[in-house]
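A closer look at the structure
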Amino acid sequence: VLPAERYPDKLLAGFRARGWAYRANALRNLSALDQASKSFEQAWKWFWKGETLATEWAQLAALEASLRRAQRRFDQTQALLKDAVAIYRETGDRREEARLLVARAQALGEEGRVDASVRVLEQVLRDFTRSELGEDLYAVALHNLACDLAEVGRLDESQRLLPEVRKRVARIDNRLVHLRLDWLEARIRQADGDHETAVALYRKVRDAFVEEGIAYEGALASLDLAALYLETGCNAEAKELARQMLPIFRSRQIHREAAATGLVLIEALRTEVATVELVQDVAAYMRLAKATGGR
């Protein structure tokens, strides 16, 4: 505890604001989202008793935006990040401005607004130098852009970025980043007609997500694989895939409506009446449900 008699009240209030904000962020990382919200209430209470510096506001806003993003409150996420970006732009902190722009793009993608995410990432890579971004942020922005371009159907552009992305993320010790690149490459290989490699990559990605306990992503990778099997007339493989998909869709990580939709598709695959269009419709529904938190 800081001795109050040695520090001005406004300075102490600033320390307390940051302390509550850091506590809130730690709670968010533990998925204790309601407790994190209460901690942010305290953080802002103390902030307004302090010096109310613009950069301090931006730091707290960026941390709160991460919480609102975890809560799927995307309007609040974007408002907080937009104002924080404006502050860092005004103060000339290029690294923080770029970092929060990349965070905005990630939130837009999670919301299902992938076209908007692409525009923000293209802006970042156009308007900021590599030295301003730093190697890690540059790699993340390039990786996310390549994935988003594929998501909106711009596979040729995504494919052109892939070798550079592989090179840049090689130094990042994050299995999920590399899995998403494998997933991207599977889609590109499928589009190029290299179905054997695409199947192997889809299986690898699906199994790895399930192993990591990320059932939703495992289900989506399974749907991509199912669509490929149906496109290529591999009905026996699609039928076997239905059996493998069953425990994934029964996972508690997949909310009831999405799970029910997946189980209907599994039965259609099992009885050989599923179509590529049906698989794509289920995948689109699940991506939307993921963005809205199942609401």
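Let us look at the structure shown here. Quick caveat: nothing in here was measured; it's all calculated off a predicted structure. Each chain carries its own residue numbering, running from 1 in the written order of its sequence. For this predicted model, a pLDDT threshold of at least 70 governs which residues receive local features, and a threshold of 80 or more governs which side-chain atom pairs are given and counted, while totals over whole chains, interfaces and linings are taken from all residues. Values shown for side chains rest on all heavy atoms present in the structure; no hydrogens or waters enter the calculation.

Each helix and strand counted, the protein has 15 helices and zero strands in total. Considering only C-alpha atoms, the protein reaches an extent of 75 × 40 × 30 Å along its principal axes. Carbon and sulfur atoms make up 50% of the accessible area of the protein, which amounts to about 15300 Å² in all. Note on charges: Lys and Arg go in the positive column, Asp and Glu in the negative column, and His and the chain ends are not counted at all. Charge positions come from single atoms, namely NZ of Lys, CZ of Arg, CG of Asp or CD of Glu. Separation between the mean location of the 45 positive side-chain charges and that of the 45 negative ones in the protein comes to 5 Å. Put simply, DSSP H or I for four residues or longer makes a helix, DSSP E for two residues or longer makes a strand, and each gets a number counted from the N terminus. For the area figures, the Shrake-Rupley method with a 1.4 Å probe applies, and any residue is considered shielded solely by the protein chains shown.

Another point: the nonpolar core. As used here, the term nonpolar core means buried Ala, Val, Leu, Ile, Met, Phe, Trp, Tyr and Cys residues forming a set that is joined through side-chain atoms within 4.5 Å. When accessible area is computed with a 1.4 Å probe and restricted to protein chains, residues below 20% of their type maximum are described as buried, those above 50% as exposed, and intermediate ones as partly exposed. By size, the foremost hydrophobic cluster in this structure holds 56 residues, and its most contacted members are Phe40, Leu60, Leu100, Leu133, Val169 and Leu184. Residue contributions to this core peak at ten residues, all from helix H8 (residues 135–151). Contacts are assigned to residue pairs that have any heavy atoms within 4.5 Å of one another. Leaving out residues up to four positions away in the same chain, Leu100 has contacts with Ala62, Leu81, Ala84, Val85 and Tyr88. Within the second largest apolar cluster, 42 residues are counted, among which are Val205, Leu241, Ile254 and Ala259.

Moving on, we come to helix H3 (residues 54–70). End to end, H3 covers 24 Å across 17 residues, agreeing with the expected 24 Å (1.5 Å per residue, within 8%). Of all the positions in H3, only Glu56, Trp57, Ala58, Leu60, Ala61, Ala62, Leu63, Glu64, Ala65, Leu67 and Arg68 are classed as buried. Looking at the packing, one finds that the buried side of H3 touches helix H1 (9–29), helix H2 (33–47), helix H4 (74–91) and helix H5 (94–111). By this rule the span expected of a helix is its residue count minus one, scaled by 1.5 Å.

Attention shifts here to the packing of H5 against helix H6 (residues 114–127). Comment: axis = line fitted to C-alpha atoms, over the contacting stretch for helices; angle = value between 0 and 180 degrees taken between N-to-C directions. Remark: H5 packs on H6, axes separated minimally by 7 Å, with the N-to-C direction vectors making an angle of 160°. Taken together, the axis directions place H5 and H6 in an arrangement best described as roughly antiparallel. Handedness of the H5/H6 crossing: left-handed. Across the interface between the two elements, Arg94, Leu101, Val102, Ala105, Leu108 and Gly109 from H5 touch Val114, Ala116, Ser117, Val120, Leu121, Gln123, Val124 and Asp127 from H6. Three classes are used, and their members are as follows: Ala, Val, Leu, Ile, Met, Phe, Trp, Tyr, Cys and Pro are nonpolar, Asp, Glu, Lys and Arg are charged, and the others, Gly among them, are polar. Here the contact of H5 with H6 is built from residues that sort into nine nonpolar, three polar and two charged. Reported orientations rely on four angle classes, namely roughly parallel under 35 degrees, roughly antiparallel over 145, roughly perpendicular from 65 to 115, and oblique for the rest. Put simply, a crossing is left-handed when the front helix is turned counterclockwise from the back one by less than a right angle, and right-handed when it is turned clockwise.

In this section: the packing of H8 against helix H9 (residues 155–169). One can describe the packing of H8 onto H9 by two numbers: an axis separation of 8 Å at closest approach and a directional angle of 155°. Taken as axis vectors, H8 and H9 run roughly antiparallel relative to one another. Crossing of H8 over H9 shows left-handed handedness. Residues Glu135, Tyr138, Ala139, Leu142, His143, Leu145, Ala146, Leu149 and Ala150 of H8 form the contact with H9, whose participating residues are Leu155, Glu157, Ser158, Leu161, Glu164, Val165, Arg168 and Val169.

To continue, consider helix H11 (residues 195–211). Across its 17 residues, H11 extends 24 Å between first and last C-alpha, which sits within 8% of the 24 Å expected from 1.5 Å per residue. Considering only its buried residues, H11 is in contact with helix H10 (175–192), helix H12 (215–231) and helix H13 (235–249).

Among the secondary structure elements, Ala103 is positioned in helix H5. Look at Ala103 and you get buried, because its relative accessible area is 16%. Separated by 34 residues in sequence, Ala103 and Arg69 have C-alpha atoms that sit 9.8 Å apart. Setting aside residues no more than four positions away along its own chain, Ala103 makes contact with Arg69 and Leu81.

Let's shift gears to the pattern of salt bridges. Whenever Lys or Arg places a side-chain nitrogen within 4 Å of a carboxyl oxygen from Asp or Glu, that contact is recorded as a salt bridge. On inspection of all chains with the given rule, the structure shows 30 salt bridges. Here Arg72 makes a salt bridge to Glu110, at a shortest N to O gap of 3.6 Å. Within this pair, whereas Arg72 is found in the loop between H3 and H4, its partner Glu110 is found in helix H5, the two being separated by 38 residues in sequence. The class of Glu110 is partly exposed, set by a relative accessible area of 28%. The shortest N-O distance in the salt bridge between Asp194 and Arg189 comes to 3.0 Å. The class of Arg189 is partly exposed, set by a relative accessible area of 31%. Three or more residues are tied together by salt bridges with common partners; here these are Arg166, Asp182, Glu185, Arg189, Asp194 and Lys204.

Looking now at unusual backbone geometry. One non-glycine residue, Ser31, lies in positive phi territory at about 65°. By relative accessible area, which is 60% here, Ser31 ends up exposed.

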